Amino acid sequence: MPQKVSIDKSMDLLVPLAKKEGIETPWDRYEKMQPQCGFGELGVCCRICWKGPCRIDPFGKGPDRGICGATADVIVARNFIRMQAAGAAAHSEHGRHIALAMEHLGKHGLEAYSIKDETKLMSIAKTLGLETDGRSTQEIALEVALTSLQDYMNQDSSTGCIWLTKTLPAKRLEKLKSLGVMPHNIDAIITNIMGRTHVGCEADHVNLLMGGMRGALADYTGMVLATELSDAMFGTPQPVVTKANLGVLKENAVNIALHGHNPLLSEVICDMAIKLNDEAIAAGAPEGINVVGVCCTGNEIMLRRGIPLATNYLSQDIALLTGAIDSMVVDVQCIMPSIASVGSCFHTEIITTVPDNKITGARHVEFSEEDALEKAKEIVQLSIEAFKRRDPARVNIPNVKETAIVGFSKESIVAALSKVNAEDPLKPLIDAIVSGDIKGVALFAGCNNTRVKHDDSFMTIVKELLAKNVLVLATGCGAGAFAKNGMMTQEAARKYCGESLLGVLTAVGTAAGLKGPLPPVLHMGSCVDNSRAVQVASALANALDVDLSDLPVVASAPEMMSEKAVSIGSWAVALGFPTHIGIVPQITGAPGVVKVLTEDAKKLFGGYFIPEPDPMAAAGKLYEAIMEKRQGLGI
Ligand code: BF8
Ligand code: SF4
């Protein structure tokens, strides 16, 4: 195990505690896994048919083709685009779930849900070109839902997905169309990828990769509709001050950790926790119920409700070592199965809620929109019961929590900017970019990965870019890393930003009533909320009458691990953004694939992958990419 596995200060207490208690951490499991398979690392292993597994010898001494004749490029391209399809499927299932809930809400109402943000619903209807005059909120919600569901149903491949075509600049849409990568139907595109990668189908790596890019753009479609519809149902994030890191757990409260992704579950549990607070007090918890978040669900409820974030991906099971989490309630994605075994060492209820995301060893309470209130009540009461079994002698809450100013949706950013220029809110931002006070924009996204020190690459790169006056946006577990490690405070802006960036953040923050700068890292939400950053970039591109690929905008996923992150990184490239990945991707055994994704993509899309594991070198490359785009714009 590396000397120090994480820079998260909570881990200084909990990792040694895990060792003492004989409880395995992800880093112990990582160590046991060494050495990891070299063929897998290079991506040159194929298990697509049962003649295999086949593997290509990277040193050129053994097989250079699989038994069917597939080359390294074909094997790697097939594996890669299947990852893009899986990422798109995960996000799009999330989006479908929200759209179906909104459809039910529109058709017959749902006891636990409503349209909390009617302004957002109206703005969505306008974006989608729907009639609103003289129609009730419920009618509009129904049409918004049905229109969104069209993106899963349209069979006419000459028309692009609605959410994609309505949210990207015209120049980019033309480009995507000319390259033949416009998705018309999320489900059809995912099926297409699975079909064309079956044994004996496509064997041209370039065409495979272009098919994958179309899949990644289907992923964007599912994400943007998930974000926008969630905002209408649960509220569009506005700036809010909260806390992050495991010190947000309370010794004298029933601690419920909400983990996963979909706000349909977490929002109702938050409501129910408020209702049942007195039951918790009566059960002996003087501070009632304390809901905290983990991973992207954590980000969702943090931005919309100011609920504190306990931790991010890699420290999710270690969080249970605090002995103070009474229940961890999960839905879908990025949930380590290990939470069931670690939870069983404590009094903690690990509760799964989704019929197709169960974990052996966890309790399953099946949740649906129709019976959401009843099930949320059951879950909260199970948590209170678990609290009664908590062993105070095993409680170890790290005294680590940072203030975090979060809640930067496109709407809240525009609202803050409009305090500086009410007529033309984007002008102050554009002026700052043109003058060079802001050199460019970097979006940090993605996960943690045992291959690199937990949270460290995020922090190293961001400090470098802030010092060079790059505006920073963040989502997902990257945003979690920044929140936990103190990068969402006004002090951090003063400490880390270059002079001209600090000037802009101070002007906007002061005008918006913050009595000082905005935080140096603007938390935009969960992973699906990467679409918010695209909305900001599209507004800038439209205002400047340029394409997205012309903007000095870059993306970085320094600690990525999931197929969703592969898909997001790919659509970032397809939209024209240079995109850094800090993990050596499982494609390096295929020179042709590497060339397409890191070089040819630049000519085709304007965006391209920058694989760079060293965070300092990555910061340099991202800054260079920003400066190159500035040069292209002549600024
Ligand atoms: O969707 S950043 S570890 S929690 S995949 Fe997962 Fe990665 Fe976290 Fe959210 Ni995104
Ligand atoms: Fe081997 Fe070809 Fe089968 Fe893959 S598809 S396992 S390369 S025979």
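Residues numbered from 1 in each chain as written. Chains lettered and ligands numbered in written order. Predicted model: local features only at pLDDT ≥ 70, side-chain atom pairs only at ≥ 80, totals over all residues. Heavy atoms only, no water.

Quick look at the overall build of the chain
Alright, step 1. Scanning the chain from N- to C-terminus turns up 25 helices and 16 strands.
Alright, step 2. At 24 Å, the chain has a C-alpha radius of gyration in line with the 26 Å of a compact globule built from 635 residues.
Alright, step 3. A principal-axis box enclosing the C-alpha atoms of the chain has dimensions of 65 × 65 × 55 Å.
Alright, step 4. Here the chain, with 635 residues, has 62% of them falling under the buried criterion.
Alright, step 5. At a minimum sequence separation of 6, the contacts of the chain that also span at least 24 residues come to 76%.
Alright, step 6. With the model as given, the accessible surface of the chain reaches about 23300 Å², and the carbon-plus-sulfur share is 53%.
Alright, step 7. Taking the 60 positively charged and 71 negatively charged side chains of the chain as two groups, their mean positions are separated by 4 Å. (Helix = DSSP H or I, 4+ residues; strand = E, 2+ residues; numbered from the N terminus. Rg over C-alpha atoms; globule rule 2.2 N^0.38 Å. Buried < 20%, exposed > 50% of the residue type's maximum accessible area, 1.4 Å probe, protein only. Contact = heavy atoms within 4.5 Å. Areas by Shrake-Rupley, 256 points an atom, 1.4 Å probe, with all protein chains shown as cover. Lys, Arg positive; Asp, Glu negative; His and termini not counted. Charge placed at Lys NZ, Arg CZ, Asp CG, Glu CD.)

Things to note about the pattern of salt bridges
Any two side chains of opposite charge can pair, so long as their charged atoms come close to each other.
Alright, step 1. Counting across every chain of the model gives 35 salt bridges.
Alright, step 2. Linked by salt bridges that have partners in common, Lys120, Glu228, Asp231, Glu300, Arg304, Glu411, Asp529 and Arg532 make up one network. (Salt bridge = Lys/Arg side-chain N within 4 Å of Asp/Glu carboxyl O.)

Things to note about the pairing of strand β13 (residues 521–525)
Alright, step 1. Counting buried positions along β13 gives 5 out of 5 residues, so the element sits mostly inside the fold.
Alright, step 2. In terms of strand pairing, strand β12 (residues 470–475) meets β13 through 4 bridges, oriented parallel. Within the sheet, the bridge partner assigned to Ala474 lies in β13 and is His523. (Pairing = 2+ DSSP bridges.)

Description of the coordination of the nickel atom of ligand 1
Alright, step 1. Among protein residues, the single donor to the nickel atom of ligand 1 is Cys527 (SG), with a metal-donor distance of 2.2 Å.
Alright, step 2. Coordination at the nickel atom of ligand 1 is irregular: its 4 donor atoms span angles of 92 to 150 degrees at the metal.
Alright, step 3. Checked against the element boundaries, Cys527 lands in the loop between β13 and α22 (530–544). (Donors = N, O, S within 2.8 Å, 3.2 Å for Na, K, Ca; no water. Tetrahedral: all angles 85-135°; square planar, octahedral: opposite > 155°, others 65-115°.)

Observations concerning the site of ligand 1
Alright, step 1. Looking at ligand 1, the residues that line it are His261, Cys295, Cys296, Tyr313, Cys334, Gly446, Cys447, Cys477, Cys527, Met561, Ser562 and Lys564.
Alright, step 2. Contact between ligand 1 and His261: an oxygen atom at 2.7 Å from a side-chain N or O atom of the residue.
Alright, step 3. Side-chain polar atom of Lys564 to an oxygen atom of ligand 1: 2.8 Å apart, as the coordinates give it.
Alright, step 4. For the shell around ligand 1, a count of residues per class yields 8 nonpolar, 3 polar and 1 charged.
Alright, step 5. For the shell around ligand 1, the domains that each give at least three residues are domain 2 (246–394) and domain 3 (406–633). (Near = heavy atom within 4 Å. Polar contact = N/O pair within 3.5 Å; in protein donor to acceptor, adjacent residues only side chain to side chain. Nonpolar A, V, L, I, M, F, W, Y, C, P; charged D, E, K, R; others polar. Domains from an automatic or database assignment.)

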